[in-house]
Structures are given as structure tokens and as C-alpha cells.
Amino acid sequence: QVHLVESGGGLVQPGGSLRLSCAASGDIFSPYAMDWYRQAPGNQIERVASTLSGGAPNIADSGEGRFTVGRDDHKKTVDLQMNSLKLGDTAVYYCYVEVGKSRVYWGQGTQVTVSS
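What comes next concerns the included structure. The model shown is predicted, which means the values in this text are computed figures rather than measured ones.

**What to know about the overall build of the protein**
No. 1: A tally of helices and strands in the protein yields 0 helices and 11 strands.
No. 2: Helices and strands in the protein line up, N terminus first, as β-β-β-β-β-β-β-β-β-β-β.
No. 3: A compact globule built from 116 residues would reach a C-alpha radius of gyration of about 13 Å, and the protein, at 14 Å, matches this within 12%.
No. 4: With respect to the three principal axes, the spread of C-alpha positions in the protein is 40 × 25 × 25 Å.

Here is the structure:
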């Protein structure tokens, strides 16, 4: 079993920044993916950022140039730095871990609200 703990959501004005963190614990071993997804009200869930053991991180088009993702395999953490936030970035953000393409785990979600 894998347990995910997310933190860092909140309320921010347009143009502001937030940093989301996710820490994994439990039965997790390489290779594994640690991603960030988000879901806005009425919208489908979408992947925001992805990282894979030994691979380059990837940011979705929606966050290109504004979001960066960093992963620490030793600590089993993944952080999402979000800058220049827009109203459209308002969503619940979820940490996602996929271990060996067979086991999938989701965090509880953290709310990000961009509002003036």
C-alpha cells in the first residue's frame, strides 16, 4: 500500500504563486511515476505534470512556462511550483503515483483557488 500526503493549496490572487508538495510512503519502488492532476468544477480531470524514475519531467501545455515540477526520489516527494497563476488554474489538485504500471494511488486532493 502507498500513502500520499499533499500540502500547499490555498487562495491566491491572479499572477501569484503557490507550491504544492506531495510525499509518498509505503510500498513504493522504482520505476514509478509521480504526477500532478487537477480537476476544475464541471471539467474532466487533466494531467498537469508528470515525472518518471530516471526521466525528464513534463509539464502540460496549460502550465507551460509557468509551472515547474521537481522530484526527489530519496525522499519520495514531488513538488509543483506554480507561478503566474490564472483564474483558470482554480481546481482541486491531486498527486498521483503509479508503481510498475500496475498499481495506482491518488492523494486526497488540495484546493487551489485563484481569485481577486
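More follows now that the structure is in view.
**With respect to the packing of aromatic side chains**
No. 1: Inspection of the entire model under this criterion finds 4 aromatic pairs.
No. 2: Geometrically, the ring pair formed by Tyr 37 and Tyr 96 is tilted, given 5.2 Å between the ring centres and 55° between the ring planes. Here the residue Tyr 37 occupies a position in strand 4 (residues 32-39), and Tyr 96 occupies one in strand 9 (residues 91-99), the gap between them amounting to 59 residues. By the burial criterion, Tyr 37 is buried, and Tyr 96 matches it.
No. 3: Between Tyr 96 and Trp 106, the aromatic rings sit 4.8 Å apart at their centres with planes inclined by 70°, giving edge-to-face as the arrangement. One end of the pair, Tyr 96, is in strand 9; the other, Trp 106, is in strand 10 (residues 103-106), with 10 residues separating them in the sequence.
No. 4: Through a chain of ring-to-ring contacts, the aromatic side chains of Tyr 37, Tyr 94, Tyr 96 and Trp 106 assemble into a single cluster.
No. 5: Seen from the ring of Tyr 32, Arg 71 lies directly overhead, with NZ or CZ sitting 4.2 Å from the centre.

**Quick notes on the environment of Ile 45**
No. 1: Its place among the elements puts Ile 45 in the loop between strand 4 and strand 5 (46-52).
No. 2: Judged by its relative accessible area of 38%, Ile 45 falls in the partly exposed class.
No. 3: A C-alpha to C-alpha distance of 9.3 Å links Ile 45 and Tyr 93, two positions 48 residues apart in sequence.
No. 4: Beyond its immediate chain neighbours, meaning those up to four positions away, Ile 45 contacts Tyr 37, Arg 38, Gln 39, Tyr 94 and Trp 106.

**Things to note about the sheet that holds strand 3 (residues 18-26)**
No. 1: With respect to topology, 4 strands assemble into an open sheet ordered 1-3-8-7, the strand pairing being antiparallel. Each having just a single partner strand, strand 1 (2-7) and strand 7 (67-72) make up the two edges of the open sheet. This sheet shows a mean twist of 15° between the axes of neighbouring strands, independent of strand direction.
No. 2: As judged from the 6 bridges shared by strand 3 and strand 8 (residues 77-82), these two strands associate in the antiparallel manner. In the sheet register, Leu 18 faces strand 8, and the bridge partner there is Met 82.

Cut-offs and rules
- Residues numbered from 1 in each chain as written.
- Predicted model: local features only at pLDDT ≥ 70, side-chain atom pairs only at ≥ 80, totals over all residues.
- Heavy atoms only, no water.
- Helix = DSSP H or I, 4+ residues; strand = E, 2+ residues; numbered from the N terminus.
- Rg over C-alpha atoms; globule rule 2.2 N^0.38 Å.
- Phe/Tyr/Trp six-rings, centres within 6.5 Å; stacked < 30°, edge-to-face > 60°.
- Buried < 20%, exposed > 50% of the residue type's maximum accessible area, 1.4 Å probe, protein only.
- Lys NZ or Arg CZ within 6 Å of the ring centre and 35° of its normal.
- Contact = heavy atoms within 4.5 Å.
- Pairing = 2+ DSSP bridges.
- Axes fitted to C-alpha atoms, helices over the stretch in contact; angles between N-to-C directions.

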